[in-house]
Amino acid sequence: MSTPGVTPAFPLKLQFPQSLAVYDDYAKAQKSVDFLADADFPVDQLMIVGTELKRIERVTGRLTWSKIAVGGILSGLWLGIFVGLIFAPFTEEGLWQVLLSTALMGATFGLVWALLGYAFTRGQRDFSSVTQVVATKYEVLVENKHAAQARELLAGLPGALPNPFE
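Description of the structure in this document. Just so it is clear, the structure is predicted and the values come from calculations on it, not from any experiment.

A word on helix α2 (residues 65–87)
For step 1, the next point in the chain: In this model, α2 (23 residues) spans 32 Å end to end at C-alpha, consistent with the 33 Å of a helix rising 1.5 Å per residue.
For step 2, the next point in the chain: Taken together, the buried positions of α2 are occupied by I68, A69, G72, G76, G80 and G84.
For step 3, the next point in the chain: Packing partners of the buried residues in α2 comprise α3 (95–121).

A closer look at the nonpolar core
For step 1, the next point in the chain: Core analysis: the biggest nonpolar cluster contains 16 residues, and L20, L46, V140, V142 and L154 have the highest contact counts within it.
For step 2, the next point in the chain: Considering every element that reaches this core, the biggest residue donor is strand β3 (residues 127–143), with four residues.

Description of the packing of α2 against α3
For step 1, the next point in the chain: Relative to each other, α2 and α3 sit at 145°, their axes nearing to 6 Å. In the packing of α2 onto α3, the handedness of the crossing is right-handed. Across from W65, I68, A69, G72, I73, G76, L77, G80, I81, G84 and L85 in α2, the residues of α3 making contact are V98, L99, T102, A103, G106, A107, G110, L111, A114, L115, Y118 and A119.
For step 2, the next point in the chain: Looking at the contact of α2 with α3 residue by residue, the class counts come to 16 nonpolar, seven polar and no charged.

Quick look at the environment of G80
For step 1, the next point in the chain: By the element assignment, G80 lies in helix α2.
For step 2, the next point in the chain: The exposure class assigned to G80 is buried, which follows from its relative accessible area of 3%.
For step 3, the next point in the chain: Measuring from C-alpha to C-alpha, the distance between G80 and A103 comes to 4.1 Å, with 23 residues separating the pair along the chain.

A closer look at the pattern of salt bridges
For step 1, the next point in the chain: Using the criterion set out here, one finds two salt bridges in the structure.
For step 2, the next point in the chain: Across the pair D24 and K137 runs a salt bridge whose closest N-O atoms are separated by 2.9 Å. Here D24, found in the loop between β1 (17–23) and α1 (26–38), pairs with K137, found in strand β3; they are 113 residues apart in sequence, far enough to count as distant.
For step 3, the next point in the chain: Across the pair R125 and E57 runs a salt bridge, and its minimum N-O distance is 2.7 Å. In this pair, R125 sits in the loop between α3 and β3 while E57 sits in strand β2 (residues 46–62), placing the two residues 68 residues apart along the sequence.

Details of the environment of V98
For step 1, the next point in the chain: Within the secondary structure, V98 sits in helix α3.
For step 2, the next point in the chain: By relative accessible area, V98 is classed as buried at 8%.
For step 3, the next point in the chain: Setting aside anything within four residues of it in sequence, one finds V98 in contact with G84, A88, T91 and E93.

Some points on the packing of aromatic side chains
For step 1, the next point in the chain: What the rule picks out here adds up to three aromatic pairs.
For step 2, the next point in the chain: Ring plane angle 80° and centroid distance 4.8 Å describe the contact between W65 and Y118, whose orientation is recorded as edge-to-face. With W65 in helix α2 and Y118 in helix α3, this pair connects stretches of sequence that are 53 residues apart.
For step 3, the next point in the chain: We classify Y118 as buried; its relative accessible area is 11%.

Observations regarding a nonpolar patch on the surface
For step 1, the next point in the chain: A contiguous nonpolar surface patch, about 690 Å² in accessible area, is contributed by L79, F82, I86, F87, F109 and W113.
For step 2, the next point in the chain: Mapped onto the nonpolar patch, the elements with two or more residues apiece are α2 and α3.
For step 3, the next point in the chain: Position of F82 among the secondary structure elements: in helix α2.

Definitions and limits used
Residues numbered from 1 in each chain as written. Predicted model: local features only at pLDDT ≥ 70, side-chain atom pairs only at ≥ 80, totals over all residues. Heavy atoms only, no water. Helix = DSSP H or I, 4+ residues; strand = E, 2+ residues; numbered from the N terminus. Expected span 1.5 Å × (residues − 1). Buried < 20%, exposed > 50% of the residue type's maximum accessible area, 1.4 Å probe, protein only. Contact = heavy atoms within 4.5 Å. Core = buried A, V, L, I, M, F, W, Y, C linked by side-chain atoms within 4.5 Å. Axes fitted to C-alpha atoms, helices over the stretch in contact; angles between N-to-C directions. Left-handed = near helix turned anticlockwise from the far one by under 90°. Nonpolar A, V, L, I, M, F, W, Y, C, P; charged D, E, K, R; others polar. Salt bridge = Lys/Arg side-chain N within 4 Å of Asp/Glu carboxyl O. Phe/Tyr/Trp six-rings, centres within 6.5 Å; stacked < 30°, edge-to-face > 60°. Patch = residues over 30% accessible without salt bridge, like charges linked within 9 Å, V, L, I, M, F, W, Y side chains within 5 Å. Areas by Shrake-Rupley, 256 points an atom, 1.4 Å probe, with all protein chains shown as cover.

Next comes the structure, spelled out in structure tokens:
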């Protein structure tokens, strides 16, 4: 049984969406959809769309040759152990010998690769960071044939109904 308006090929698409409301944070958009769900509105005819995207980069620290080396060794070590676990059943050597040799080779490879990569940046990026893309506005869209009913129900939500054309 399929939901009207939702096809398996396009589960995140409405046929003729209309803006119902625009919110400054996701929690408020979610609250309005939850309110409509509690009022037995067909919520499969709604979408919450994050708009006005921005990229946030949080600087977490300064990179140094020693930090790069330690990170390269650790990532190579894990890769070496993983490869060792894959190869161990197919060798006549003991498990510990295989794990030790592949871990050592992985750590060496990771160290060299990390240091070379850092050297090629030539100091252009001497910091570590994490990034995230976030929306600054959240728009609730509704299938056009249910828009009037949704607006009428949402008018009963405590608090002001945001202007969909802000």
